[in-house]
Amino acid sequence: MSLDEILESPRLMMKLSFPPVMLQLMEEASKTEPDFAVLGEIISMDPVLSTTILTLVNSPFYGLSQEVSDLKRAAVVLGTRELLNLAVTVSYHKHISSKIEDDGYKVYNDWMLTVWGAIAAQLIASRICPEQVDKVYLCCLLKDISLLFLRSAAPKEIPDLAKLDSVAMSYPGQVEAENDSWGMTHGDLSQLLLARWKMSNLDCSPLRNHHCMDEIDSFDLPTQAIILATRWAEMELGNDSKPFNVLQFEMQLQSTLHMEEDVLEDFRALCRTKFQSMLSTLGIEEGDIERHFYKHSIKSLQSNYFLSLELLTAEGGVKSIAQIMGRHIRLNWDMTEWELALKSPHTDSFHLFQASSSGLIKVAGSCVQNSLPWTMRGGSIDITSRNILLGQFRYVAKGLAQEEKKNLKLYFKFIGQAYEHYCAKQHLIEDRAAILEALPLGVASLDISGMLFDMNEEMGRFLGRDALTVTKSFSDLFQTGLSADLGKGWRDFLENENKDSFSKIMCVVLRKDGLPRDACLYISASKQNKGGDQLITVVMEDIREISESQIQALKQRDFLEGLVDSMRDIVFTVDIRGNINYASARFSKIFIGRNLFEIAKPGETFTGVWGPELFGQKKSVVEVLLKRTDTAGRPFELVISQLSGRDGKHLIVARDLTHIRRLEDKLKRQAVFDGLTDIYNHTQFNSLLGREITRSNRTGRPIGLLFFDLDGFKAVNDTEGHLAGDDVLRSVAKILKAELRAGMDFPCRYGGDEFAVIVTEVRPEALEKISGRIRLRIENKFLGKVTISGGLTLLQDGDTPVSMLNRADKAVYEAKGLGGNVLVWAK
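Residues numbered from 1 in each chain as written. Predicted model: local features only at pLDDT ≥ 70, side-chain atom pairs only at ≥ 80, totals over all residues. Heavy atoms only, no water.

So, the nonpolar core
So the rule is basically this: Among buried residues, those of type Ala, Val, Leu, Ile, Met, Phe, Trp, Tyr and Cys that are joined through side-chain atoms within 4.5 Å constitute a nonpolar core. Only protein chains enter the accessibility calculation, which uses a 1.4 Å probe. A residue is then buried if its area is under 20% of the maximum for its type, exposed if over 50%, and partly exposed in between. Helical segments are the DSSP runs of H or I of at least four residues, strand segments are the runs of E of at least two, and each set is numbered from the N terminus. Here a residue-residue contact requires only that any non-hydrogen atoms of the pair lie within 4.5 Å.
Ranked by internal contacts, the top residues of the largest apolar core, which has 137 residues, are L25, Y92, M325 and F412. Among the elements that make up this core, the one with the highest residue count is helix α8 (residues 108-128) (12 residues). If we skip the residues at most four places from it in the chain, M325 touches L311, L340, L342, I383, Y411, F412 and I415. Counting 27 residues, the second largest nonpolar core, distinct from the first, contains A724, I735, F755 and I788.

Here is the structure:
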């Protein structure tokens, strides 16, 4: 069902359409000055609503010194507008919950986001656009009504619903997904639904842009308030919120609202108090509050943020990370009994560390998570980021206060994101540096003028460490350390902007372990643009160390590649999932990177599972239709063999069967059709006649037979030649195919100039009429030089193909005796 159909469906539109009380409240809310008398009358229509509102009025948020027992007093204390906002909120929640939870969907997570967003929008608007506070509150409360409506009425219409824990939480690509599905965003859809539900008098145009955080400065102040409130709710309550991002938003909020830190802290506390009061009154559980950030102060967030930043500058691998965390835990929580498991940056294995009196010891490394040799049985905290487990902390801390435990868990939230960044960036830099130092190649970085600013150990050994104290020019270093000149080519490379590379092979004397030895150096340099700066990378290698066996191996490789490329068959290798990672050179552009099981389909005789399961056999042969560049595919025979010791890779030799299939088709056709006339041959005539006699005996439907030879054919052959005679036979066959019914009548060349026509489901007069047309057309075609003498017969009881043909054949002789060009019924 399309969105248009949903919006036009009265049944679905009633799914979340608002009750009279809600509509009356919204109508009153749209007025500049709400009338308390009208408001009190509306609220009194629903006793539960009245009770809930009074409970909220007396909640900790308002902090009233005396209990308020009636709505009139509540209006005096809070104001009619605030009372109206509470009434709308309570009525909205009651209606939404009753409608949606009937469908088995628990609305709690989405309602928590809605409540925090509306409260936050009200507080933010009170600072930046106080005259619009009530409009902002109501619009933010209703901003996701379209998603809640679809979640109830047509959940399949929500893009990517299966991946969402909460429909009100935004996600990357949401705008594009909604526009693709609906032609609008859910903000536009909410505005449209409010109009359909007779709420068009409520101006909620900011709904269209409530997720546009990147363009916030381009909107008016009410829209900015709703955008900030929406993001604030997602940051504080989002299960996947990253702690760095939460703190970054808090700082952005402080800057936008021009607040001091302690004022922002009070602002958050006010929002939190009203939020919790609202949830408690409405009977909504806060859930796992440890996953949310609003319980923690900004100072607490900042403190743990700065602690976690130290991980981003760590050097020395995973153990250095564990040492930093151990120091934090000892200094901030005074804990000495703990164990820490950290996931390897390279693999899915874990390393286990333990606190000891001497500092830190590594208990185990490269362990599967479930096989870690833990000894602690106390508290446990998972270290995660984006719901990915990166480690676990177990501890024994008697007397640790509840607030300290809460702060410890917050610390590990920040640690999770920091450790993820370390694995992705800093550890990668360390690995690359270690690999660079271990390379048996000299590598150096120069500026565009040829001055050295970095190199690895091997380059230092090539150039000689003593030379580095004399100069920083690479060419001077080369000359000082190796007593050789890079020559004019190097100078041209540096001075010519259009010259991007330099290479040279030189024979020099190297000093290794204090002893000179001959060397053959290959020097290669290239210019690169990195971050707007022009740099030069130099690579140097002693190629004299390439052994004779390596040269022979290279020659053998080249020979084998040439052999494979010269084959008519296609040779390629696939991984365990069928992805093609090598193909003969002539076909590499066509096949490499594609998947075998997507570009090939097995033939009709294949009975196995077409997929990676095929690789379970050591060797198999299967016929397929293989797509190269054409869409239909061509027949190939695949010989699949396992490559031993190649991590599940398989070798496939593909033989093109196109020519073989064409030859088979040709042979099949020759077995059925006459080669000259392209109608059924003598053998097929006998088979067809027998089949049709059997069918007639079963169904009772009559069949007839026309058997004839050509009068005057011998004269044409004798006077005009055999080619002319062949043309006559082909012409007769064309006339037969033109005059007969396809699929019901069967023209055959019996032999020489004799023809037979099997006619099914035919009465005597119809058989005579069809045969007469054939005789007349042949006579006209050849102007009487060639005619036919034919015999007609119908199937009789007890007939066999032989008896039926014999009768027709005798009738042909009778027709000949009558002078030809005549049809005679068999007797």
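Right, picking up where we left off after that structure.
Remarks on the sheet that holds strand β16 (residues 650-656)
What counts is decided by this rule: Note on pairing: DSSP must find at least two bridges between two strands before they are called paired. Inter-axis angles, ranging from 0 to 180 degrees, are taken between N-to-C directions of lines fitted to C-alpha atoms, where helices are fitted over the stretch in contact.
An order of β12-β11-β16-β15-β14-β13 is seen for the six strands of this open sheet, with the pairing classed as antiparallel. Looking along the sheet, the strands with just one partner apiece sit at the ends: β12 (580-583) and β13 (600-602). The average angle at which neighbouring strand axes cross in this sheet is 35°, direction not considered. Note: strand β14 (residues 619-626) against strand β15 (residues 634-642), eight bridges, orientation antiparallel.

Considerations on the sheet that holds strand β18 (residues 745-751)
Reading across from one edge, β18-β19-β17-β20-β21 is the order of the five strands in this open sheet, with mixed pairing throughout. Each edge of the open sheet is held by one strand with a lone partner, namely β18 and β21 (822-825). Each strand axis lies, on average, 20° off the axis of its neighbour in the sheet, ignoring direction. Where strand β17 (residues 703-711) lies against strand β19 (residues 754-760), seven bridges are found, and the strand directions are antiparallel. Bridge pairing in β19 places L705 opposite I758. Most of the contacts of helix α30 (residues 801-817) go to strand β20 (residues 787-794), to which it runs at about 140°, and overall it touches β17, β18, β20 and β21.

A look at the packing of aromatic side chains
Basically, it comes down to this: Between rings of Phe, Tyr and Trp, where Trp is taken as its six-membered ring, a pair exists when centres lie within 6.5 Å; planes separated by under 30 degrees are stacked, by over 60 edge-to-face, and by other angles tilted. Counted as over-ring charges are cases with an Arg CZ or a Lys NZ within 6 Å of the ring centre that also lie within 35 degrees of the ring normal.
With the rule as written, the count across this model stands at 30 aromatic pairs. Ring geometry for W490 against F502: centres 5.3 Å apart, planes inclined by 80°, an arrangement best described as edge-to-face. Here W490, found in helix α21 (residues 488-495), pairs with F502, found in strand β8 (residues 501-512); they are 12 residues apart in sequence, far enough to count as distant. Here W490 falls in the buried class, since its relative accessible area comes to 2%. By relative accessible area, which is 7% here, F502 ends up buried. Grouping aromatic residues by their ring pairs yields a cluster made of W333, W338, F393, Y395, Y411 and F412. Over the face of the ring belonging to W374 we find R394, whose NZ or CZ atom lies 4.2 Å from the ring centre.

Some remarks on the pattern of salt bridges
What counts here: Whenever Lys or Arg places a side-chain nitrogen within 4 Å of a carboxyl oxygen from Asp or Glu, that contact is recorded as a salt bridge.
Taken as a whole, this structure holds 31 salt bridges when the rule is applied. Note that K143 is salt-bridged to D144, the shortest N-O span being 3.5 Å. Each member of the pair K143 and D144 is classed as buried.

Focus: the environment of G238
Mapped onto the elements, G238 comes out in the loop between α13 (221-237) and α14 (243-256). Take G238: its relative accessible area is 1%, and that puts it in the buried class. With 96 residues separating them in the primary sequence, G238 and D334 have C-alpha atoms 31 Å apart. Not counting residues within four places of it along the chain, the set of residues in contact with G238 comprises M169, A233 and R291.

Topic: the state of the cysteines
Our working definition: By definition, disulfides here are pairs of cysteine sulfur atoms that lie within 2.5 Å.
Scanning all chains against the criterion turns up one disulfide. With a sulfur-sulfur separation of 2.2 Å, C139 is cross-linked through a disulfide to C204. Between C139 and C204, the S-S torsion sits near -95°, and that sign places the bridge as left-handed. Of this pair, C139 sits in helix α9 (residues 133-142) while C204 sits in the loop between α12 (186-196) and α13, placing them 65 residues apart in sequence. Exposure remark for C139: the relative accessible area of 0% places this residue in the buried category. Exposure remark for C204: the relative accessible area of 0% places this residue in the buried category. The thiol sulfur of C129 is not disulfide-bonded, and the nearest other cysteine sulfur, from C139, lies at 11 Å. The class for C129 is buried, based on a relative accessible area of 1%.

Remember, this is a structural readout, not a statement about activity or role.
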